[in-house]
Amino acid sequence: MESSFSTITIVHWVAVVIYVLATIFNVAGLIFRKERATGISYLLVGAGLLVHGIGILWWWKIVGHGPYIGRFEVLSSQAWMGLFLFMVFAHFLPKIRSASILVFPAAFLMIAIGIFFEPQVKMLPPTLRSVWLVLHVTFYKISVCTLLVALAFSIFYILRKRTSLEWLARLPDVETMDILAFRFAGFSFTFWAIAMLAGSIWAYESWGRFWGWDPIETWSLITWVAFGIYLHLRRFFGLKGEAAAYLYILCFLLSVLSLFFTPLIGSSVHSEYFK
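For the structure given in this document, a descriptive report is provided here.

## Digging into the overall build of the protein chain
Inference 1: A tally of regular secondary structure across the protein chain gives eight helices and zero strands.
Inference 2: If you list the helices and strands of the protein chain from N to C, you get α-α-α-α-α-α-α-α.
Inference 3: Relative to the 2.2 N^0.38 estimate, which gives 19 Å for 275 residues, the radius of gyration of the protein chain is 19 Å and therefore close to what a compact globule would have.
Inference 4: Per-residue burial for the protein chain yields a buried fraction of 51% across its 275 residues.
Inference 5: Put simply, 76% of the contacts in the protein chain that link residues at least 6 apart link residues at least 24 apart.
Inference 6: Carbon and sulfur atoms provide 72% of the accessible area of the protein chain, an area that totals close to 13,300 Å².
Inference 7: Here the protein chain contributes 20 positively and 13 negatively charged side chains, and the mean placements of these two sets differ by 7 Å.

Right, dumping it as structure tokens:
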């Protein structure tokens, strides 16, 4: 078992190195307008996803359940899912490719932090195994990916308005960045809602109730309402520009608190998640 842990750790570190190299080429390509460097960065991400994916599947075989229990596997699978979905989105929506300057480093940082906590086998009780758990986790991971894209364009918007950095001029215009942040926030809001709904059905199957005001459930609902307020202000009250960008960043920080810090509360029925 120890040798398997060591091998899994090495595979993940290899993925981190590949993603770091991809980030370096990507940043160089974006800032210095080197299309070849940008192309190399995407090829490296593809290679990293392959290596990283093998590591996740190997870990899945060891623990006997999907990567959604424990900090290491949660962060690792979130990084993989985020990068994979971003690559898909970027293929169909070339305008969002500049968000890679935030998405790529976010991925390797999540993996590195997960390795820091060390892989540990945590068993999932048979009573909690359900397709609704898989859907619950999957839609949260999709939501996080779209949250990162919206965060990137919110930050880009503020930087474009507040600084005179030359490379920012090569990004989409401020109106486009503003609408991209708005739309991806809307995607996140929708996926987050579906994730909560799937979680409620899973909770009913596992504990006989749809909602129990567990700390994670409560903070997840608060986060969803916060994003709903953001979207409502934008859609019906004309909120846009820097004010919208700053409000979105606050909502994003709330989502990080909800997903990665509230699970550490001992009284939660999700007590095994991310601990």
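Now, onward.
## What about helix α4 (residues 100-116)?
Inference 1: Spanning 17 residues, α4 covers 24 Å between terminal C-alpha atoms, matching the ideal 24 Å at 1.5 Å per step.
Inference 2: For α4, the tally of buried residues reaches 13 of 17 residues, placing the bulk of the element in the interior.

## Things to note about the packing of aromatic side chains
Geometrically, a pair of aromatic rings is defined through the distance of the ring centres and the angle of the planes.
Inference 1: Applying the stated criterion across every chain yields a total of 15 aromatic pairs.
Inference 2: Where W80 meets F84, the ring centres are 5.1 Å apart and the plane angle is 10°; that geometry is what we call stacked. Of the two residues, W80 and F84 both sit in helix α3 (residues 71-92), four residues apart, roughly one turn of that helix.
Inference 3: For F84, a relative accessible area of 36% puts it in the partly exposed group.
Inference 4: Seen from their ring centres, W211 and W213 are 5.7 Å apart, and the 80° between their planes marks the pair as edge-to-face.
Inference 5: Given a relative accessible area of 29%, W211 falls into the partly exposed group.

## Examining the environment of F210
Inference 1: In this structure, F210 sits in the loop between α6 (174-207) and α7 (215-237).
Inference 2: Between the C-alpha atom of F210 and that of F189, which follows or precedes it by 21 residues, the distance is 20 Å.
Inference 3: Not counting residues within four places of it along the chain, the set of residues in contact with F210 comprises S200, I201, A203 and Y204.

About the cut-offs
- Counting starts from 1 at the beginning of each chain's written sequence and moves along it residue by residue.
- Given that this is a predicted model, residues contribute local features only at a pLDDT of at least 70 and side-chain atom pairs are listed and counted only at 80 or more, while totals for whole chains, interfaces and linings are drawn from all residues.
- Side-chain measures were taken over the full set of non-hydrogen atoms in the model, leaving aside hydrogen atoms and water.
- Put simply, DSSP H or I for four residues or longer makes a helix, DSSP E for two residues or longer makes a strand, and each gets a number counted from the N terminus.
- Here the globule rule is a power law, 2.2 Å times the number of residues to the power 0.38, and the radius of gyration is based on C-alpha atoms.
- Note on classification: 1.4 Å probe, protein chains only; a residue is buried when its accessible area is under 20% of the maximum for its type, exposed when over 50%, partly exposed between these limits.
- A contact between two residues is defined here by any heavy atoms of the two lying within 4.5 Å.
- Under the convention used here, a 1.4 Å probe and the Shrake-Rupley method define accessible areas, while residue burial counts only the protein chains that appear.
- Charge counting follows a simple rule: Lys and Arg are positive, Asp and Glu are negative, and His as well as the terminal groups are ignored.
- In plain terms, the charge of a residue is placed at NZ if it is Lys, CZ if Arg, CG if Asp and CD if Glu.
- Each helix should span, by expectation, one fewer than its residue count multiplied by 1.5 Å.
- Note on aromatic pairs: the rings of Phe, Tyr and Trp (six-membered ring only in Trp) are paired at centre separations within 6.5 Å, and the planes decide the class, stacked below 30 degrees, edge-to-face beyond 60, tilted for the rest.

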